[in-house]
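Residue-level structural notes
The residues making up each chain are set out below.
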Amino acid sequence: MFQAGQTGLVVRIPEAESAVRAWRERFDPSARAGVPAHVTVLFPFLDERRIDAHVCSVLADVLGRHGAFGLRFARCGRFPGVLYLVPEPDGQLRRLTEAVAGRWPEAQPYGGKFTEVVPHLTVADSQDDGVPDELDEIEAELLGKLPFTSWVSSVDLMVHDGAKWQGRASFALGETCEMGETGEM
């Protein structure tokens, strides 16, 4: 499903981990590949070979034009075979996606597969693993753990190394964030 050198930009939602970790480990391939609870800003982004100091500088500038913001997760939503948490309001997330995709038009959200990008935090994605019968059960359990809030102050660049997703850089909203010498966060 994931290829070495693929990259993505995500907003980590650590407040969701206790509610979704067990379900994501069972039913979300990205969780099994090392991606924490998150809302995707842009996937796929540029191939890792294209990400250099200049791209990071431009990315920091593009993202730095957006201020930090809060999200509330109070309900679930569904796509075919997918259960997710709905971030509200989602306008800032949409603007981040639009800004990055506007700067790099070759990096369209989800490869251009969807006409509308809906910000979401995936809990169960069974499109490749068969539909779990437990979606209603998972949703009922999650509703008992909602609502919660999250403060978004950065966007993380993640890279797939062929086996797992690794964090490579973090870009602060509202200010520039530099990548470390090793490229690690």
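Here the structure is a predicted model, which is why all the values come from computation and not from measurement. (Residues numbered from 1 in each chain as written. Predicted model: local features only at pLDDT ≥ 70, side-chain atom pairs only at ≥ 80, totals over all residues. Heavy atoms only, no water.)

**Observations regarding the overall build of the protein**
Tallying secondary structure elements over the protein gives 5 helices and 8 strands in all. Beginning at the N terminus, the succession of helices and strands in the protein can be written as β-α-α-β-α-β-β-α-β-α-β-β-β. If you line up the protein on its principal axes, its C-alpha atoms span 45 × 35 × 30 Å. For the protein, the accessible surface area stands at approximately 9100 Å², while carbon and sulfur atoms represent 49% of it. (Helix = DSSP H or I, 4+ residues; strand = E, 2+ residues; numbered from the N terminus. Areas by Shrake-Rupley, 256 points an atom, 1.4 Å probe, with all protein chains shown as cover.)

**Concerning the sheet that holds strand 8 (residues 165-172)**
Taken together, the 4 strands give an open sheet; going across it, the order is 2-1-7-8, and neighbouring strands pair in antiparallel fashion. Each edge of the open sheet is held by one strand with a lone partner, namely strand 2 (38-42) and strand 8. Strand-to-strand twist of the sheet, defined as the mean angle between neighbouring strand axes without regard to direction, takes the value 35°. Against the sheet, helix 3 (residues 53-64) engages strand 1 (7-12), strand 7 (154-160) and strand 8, with an angle of about 55° to strand 8. (Pairing = 2+ DSSP bridges. Axes fitted to C-alpha atoms, helices over the stretch in contact; angles between N-to-C directions. Contact = heavy atoms within 4.5 Å.)

**Considerations on helix 4 (residues 91-103)**
A rise of 1.5 Å per residue sets the reference length of helix 4, with its 13 residues, at 18 Å; its end C-alpha atoms lie 18 Å apart and thus fit the reference within 8%. Considered for burial, the residues of helix 4 that qualify are Gly91, Leu93, Leu96, Thr97, Val100 and Ala101. On its buried face, helix 4 is in contact with strand 1, strand 2, helix 3, strand 3 (69-79), strand 4 (82-88) and strand 7. (Expected span 1.5 Å × (residues − 1). Buried < 20%, exposed > 50% of the residue type's maximum accessible area, 1.4 Å probe, protein only.)

**Thoughts on the sheet that holds strand 5 (residues 121-125)**
Hydrogen bonds between backbone atoms are what pair the strands of a sheet, whose relative direction is either parallel or antiparallel. The sheet built from 4 strands is open, its strands ordered 5-4-3-6 with antiparallel pairing. Two strands bound the open sheet, and with one partner strand each, they are strand 5 and strand 6 (148-152). The mean inter-strand angle of the sheet, taken between neighbouring strand axes irrespective of direction, is 30°. On the sheet, helix 5 (residues 135-143) packs against strand 3, strand 4 and strand 5 and is oriented at approximately 155° with respect to strand 3.

**Quick look at the environment of Val152**
Structurally, Val152 can be placed in strand 6. For Val152 and Ser126, which are 26 residues apart along the polypeptide, the C-alpha to C-alpha distance reads 27 Å. Once residues lying within four places of it in the same chain are set aside, the contact partners of Val152 are Val11, Ile13, Ala68, Phe69, Leu71 and Leu173.

**A few points about unusual backbone geometry**
Residue Pro44 follows Phe43 across a cis peptide bond; omega there is -10°. Along the chain, Glu88 connects to Pro89 via a cis peptide bond; the corresponding omega equals -10°. Mapped onto the elements, Pro89 comes out in the loop between strand 4 and helix 4. You will see that Tyr110, though not glycine, has its phi angle at about 55°, which is positive.

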